[in-house]
Amino acid sequence: MSKETVAVKAQKVEEVTEQLNKSVSAIVVDYRGLTVEQVTDLRKQLREAGVKMEVIKNKVMVRAAEKAGYADMNDVFSGPTAVAFSEEDPIAPAKILANFAKTADALQLKGGMVEGKVATLDEIQEYATMPSREELLATIANLLQAPVRNVAYAVKAVAEKGDEDAA
């Protein structure tokens, strides 16, 4: 191999290592067998959630994972490998990929990293069933609004009763 080739590969390892370090989650999948339309649709869903999916050579992923402290992930880097990186929502890639895999049998989740810890396939499936950040915030908002709403209904009922009594 020429020095240029080695330098290019080393640069790619550094880029992937940096991406792993910046990400709150990285989910590894086998995409073999997906149609172009399916891959396009999947990438669109991921992009809308702020998730970046990239096909990366296994050797590069092994070296980057080791440099980033995720050497335990090395066993998932075999066969065609794509990695979905999220820098914001740790659950978004797991949710999107698991839901997509329900309709596209060819997509296989292999493993990954969530919030700095290597996650097993079972853990990723568990994360996929959790409500999203937005769903949790909406639930909390509803819980906080319920007492205020109940007081408002009570005040309205008393006011209406007072109007009926006055009439």
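In case you missed it, the structure is sitting above this.
Summary of the structure given here. (Residues numbered from 1 in each chain as written. Predicted model: local features only at pLDDT ≥ 70, side-chain atom pairs only at ≥ 80, totals over all residues. Heavy atoms only, no water.)

Describing the overall build of the protein chain
So, step 1. Secondary structure assignment for the protein chain yields six helices and five strands.
So, step 2. Listing every helix and strand of the protein chain by position from the N terminus yields α-β-α-β-α-β-α-β-β-α-α.
So, step 3. Taking 15 Å as the expected radius of gyration for a compact globule of 167 residues, we find that the protein chain reaches 24 Å, considerably beyond that expectation.
So, step 4. Summarising its shape, the C-alpha atoms of the protein chain cover approximately 95 × 30 × 25 Å along the three principal directions.
So, step 5. When burial is assessed residue by residue, the protein chain has 36% of its 167 residues classed as buried.
So, step 6. Taking all contacts inside the protein chain whose residues are at least 6 apart in sequence as the whole, residues at least 24 apart take part in 80%.
So, step 7. Accessible surface computed for the protein chain: about 10,400 Å², of which carbon and sulfur atoms make up 55%.
So, step 8. Of note, the protein chain has its 21 positive side-chain charges centred 7 Å away from the centre of its 26 negative side-chain charges. (Helix = DSSP H or I, 4+ residues; strand = E, 2+ residues; numbered from the N terminus. Rg over C-alpha atoms; globule rule 2.2 N^0.38 Å. Buried < 20%, exposed > 50% of the residue type's maximum accessible area, 1.4 Å probe, protein only. Contact = heavy atoms within 4.5 Å. Areas by Shrake-Rupley, 256 points an atom, 1.4 Å probe, with all protein chains shown as cover. Lys, Arg positive; Asp, Glu negative; His and termini not counted. Charge placed at Lys NZ, Arg CZ, Asp CG, Glu CD.)

Comments concerning the layout of surface pockets
Gaps left between atoms are located by rolling a probe of water-molecule size over the structure's atoms.
So, step 1. Counted as a void, the largest pocket has a volume near 210 Å³.
So, step 2. What lines the largest pocket is M1, V6, V8, K9, K12, V13, I56, K57, K59, V60 and R63.
So, step 3. Listed by contribution, the elements that provide at least two residues to the lining of the largest pocket are helix 1 (3–22) and helix 3 (58–68).
So, step 4. A total of five residues in the lining of the largest pocket trace back to one element, the largest contributor, which is helix 1.
So, step 5. Considered class by class, the residues forming the lining of the largest pocket number six nonpolar, no polar and five charged. (1 Å grid on protein atoms, 1.4 Å probe; cavity = no way out; pocket = protein on both sides within 12 Å on 5 of 7 lines; lining within 4 Å. Points joined across faces, edges and corners; volume = space filled by probe spheres on them. Nonpolar A, V, L, I, M, F, W, Y, C, P; charged D, E, K, R; others polar.)

A few points about a nonpolar patch on the surface
So, step 1. A cluster of nonpolar side chains, namely L137, I140 and L144, defines an oily patch on the protein surface of about 300 Å² accessible area.
So, step 2. Summarising the element assignment, L144 is placed in helix 6 (residues 133–166). (Patch = residues over 30% accessible without salt bridge, like charges linked within 9 Å, V, L, I, M, F, W, Y side chains within 5 Å. Salt bridge = Lys/Arg side-chain N within 4 Å of Asp/Glu carboxyl O.)

Topic: the environment of T35
So, step 1. Tracing the backbone shows T35 in the loop between strand 1 (25–30) and helix 2 (36–48).
So, step 2. With relative accessibility at 38%, the residue T35 sits in the partly exposed group.
So, step 3. Expressed as a C-alpha distance, the spacing of T35 and A106, which sit 71 residues apart in the sequence, is 9.1 Å.

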